[in-house]
Amino acid sequence: MLRMTRWYLRWLICGLLFFAGGAAFAADEDRLLRLAYDSEVTGARREFFVYLPVGYSQGEQGDWPVMLFLHGNGERGDGLDDLDYVLTHGPLMEAWIQRRELPFIIISPQLPLFGELEAIAERKPVKPARLPQGVPPRNYGFPSNLPIQRGNAGEFPAGYHTQIGDYPDLASLPAGWDRIDEELIGMLDTVLEEYAADPDRVYLTGLSMGGFGAFHLAAGYPERWAAVATIVGTGKLGDAKKLADARLPIWMFGGGKDTVVKPHWLYEMARALEEAGHPSLRFTVHEDMDHDAWKRVYEGSDLYTWFLRFSASARPMPEKSSN
């Protein structure tokens, strides 16, 4: 369980209006908070982001939908000085750095390094930051010289795809989100208790390693989510039946030129879900994109619109067995 101690709010960058020993905010401004907790997994004090959208006013505007976002391997860190690296990609970057009015409370934690990688500050010298005015240019990196090509795995250029059957052993991946799953649920419960958040409209999404983490959380806690979206990440084939039985709406995204999380891995997971009878699976592969297909997905509006179609209470539940 997540043990929260001395919760506090640290208001960042914009929206500060000072009054007689306190701070107040205009109702139409978005806010980015850092909430502190003591991690039982790492044994250290850490923080995570909570984004409050434009127009948020606790207890006055009704309950807001919630999105839990899990970042990729490159944004891991100590949860304190490194936390701003979580702003590099994803819906929080869209809302805070690009100033998009996304109608969600966004929870964005940082995955610990667990001693496996060098300090994140040595890999990323520039931390993302919100500009006082305007927005920075978008990063459309990951250029790929690979062709847009479909066919059997053996028909692709060398190093592009390997043979069907090389599905990843998830236990061999670097220690990921599965190691702090109880802390993530604790963060969610805290936000649901402390803010004007709707427990019936909680959405889960992640990219790359975060996509793997999203599948793990979806299978482990299927009743907690109204819908799940994974970008260039997959899950355990053995979890397909559990996810299908939960009738949890899932939208999988992949990059057709991705040599990190290979497209046919996603096809295998999608096929397993379909064969298990999953009633609401959506699967999109951007054939012209590399591993960073998340940039197009989160920059667009389709995913956010799709999320808002769902609520956990409206999900048809499986019929009880007569046996």
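Structure: above.
Rules and cut-offs
- Residues numbered from 1 in each chain as written.
- Predicted model: local features only at pLDDT ≥ 70, side-chain atom pairs only at ≥ 80, totals over all residues.
- Heavy atoms only, no water.
- Helix = DSSP H or I, 4+ residues; strand = E, 2+ residues; numbered from the N terminus.
- Contact = heavy atoms within 4.5 Å.
- Pairing = 2+ DSSP bridges.
- Axes fitted to C-alpha atoms, helices over the stretch in contact; angles between N-to-C directions.
- Buried < 20%, exposed > 50% of the residue type's maximum accessible area, 1.4 Å probe, protein only.
- Core = buried A, V, L, I, M, F, W, Y, C linked by side-chain atoms within 4.5 Å.
- Salt bridge = Lys/Arg side-chain N within 4 Å of Asp/Glu carboxyl O.

**Let's talk about the environment of leucine 170**
(1) Moving on: Its place among the elements puts leucine 170 in the loop between α2 (120-123) and α3 (181-194).
(2) Moving on: Sequence-wise, leucine 170 and lysine 236 are 66 residues apart; in three dimensions their C-alpha atoms are separated by 7.2 Å.
(3) Moving on: Apart from the residues within four sequence positions on either side, leucine 170 is in contact with Phe212, Gly235 and Lys236.

**Observations concerning the sheet that holds strand β9 (residues 250-255)**
(1) Moving on: One open sheet accounts for eight strands, arranged β3-β4-β6-β5-β7-β8-β9-β10; its pairing is mixed. Each edge of the open sheet is held by one strand with a lone partner, namely β3 (31-38) and β10 (281-286). The average angle at which neighbouring strand axes cross in this sheet is 20°, direction not considered.
(2) Moving on: Taken strand by strand, α3 contacts β3, β4 (45-52), β5 (64-70), β6 (105-108) and β7 (197-207), and its axis lies near 145° from that of β7.
(3) Moving on: Lying over the sheet, helix α4 (residues 209-220) contacts β5, β7, β8 (227-231) and β9, oriented at roughly 140° with respect to β7.

**Considerations on the pairing of β3**
(1) Moving on: Across the eight residues that make up β3, a large majority, eight, are buried.
(2) Moving on: Here β3 pairs with β4 via eight bridges, running antiparallel. Bridge pairing in β4 places aspartate 38 opposite arginine 45.
(3) Moving on: Count of turn residues in the β3/β4 antiparallel hairpin: six residues, of which glycine 43 carries a positive phi of about 75°.

**Observations regarding the nonpolar core**
(1) Moving on: Formed by 53 residues in total, the largest nonpolar core has its most connected members in Ile105, Leu204, Trp225 and Leu243.
(2) Moving on: Of the residues forming this core, the biggest block, seven residues, is contributed by α4.
(3) Moving on: If we skip the residues at most four places from it in the chain, leucine 243 touches Phe215, Ala218, Ala219, Leu248, Ile250, Met269, Leu273 and His278.

**A short note on the pattern of salt bridges**
(1) Moving on: The final tally for this structure, using the stated rule, is twelve salt bridges.
(2) Moving on: The shortest N-O distance in the salt bridge between glutamate 94 and arginine 100 comes to 3.0 Å. We note that glutamate 94, like arginine 100, is buried.
(3) Moving on: Glutamate 94 serves as the salt-bridge partner of arginine 138, at 2.7 Å between the closest nitrogen and oxygen. Residue arginine 138 is located in the loop between α2 and α3, and its partner glutamate 94 is located in helix α1 (residues 91-97); the two are separated by 44 residues in the primary sequence.
(4) Moving on: Assessed through its relative accessible area of 1%, glutamate 94 is described here as buried.

Everything listed here is a matter of geometry and, on its own, says nothing about what the molecule does.
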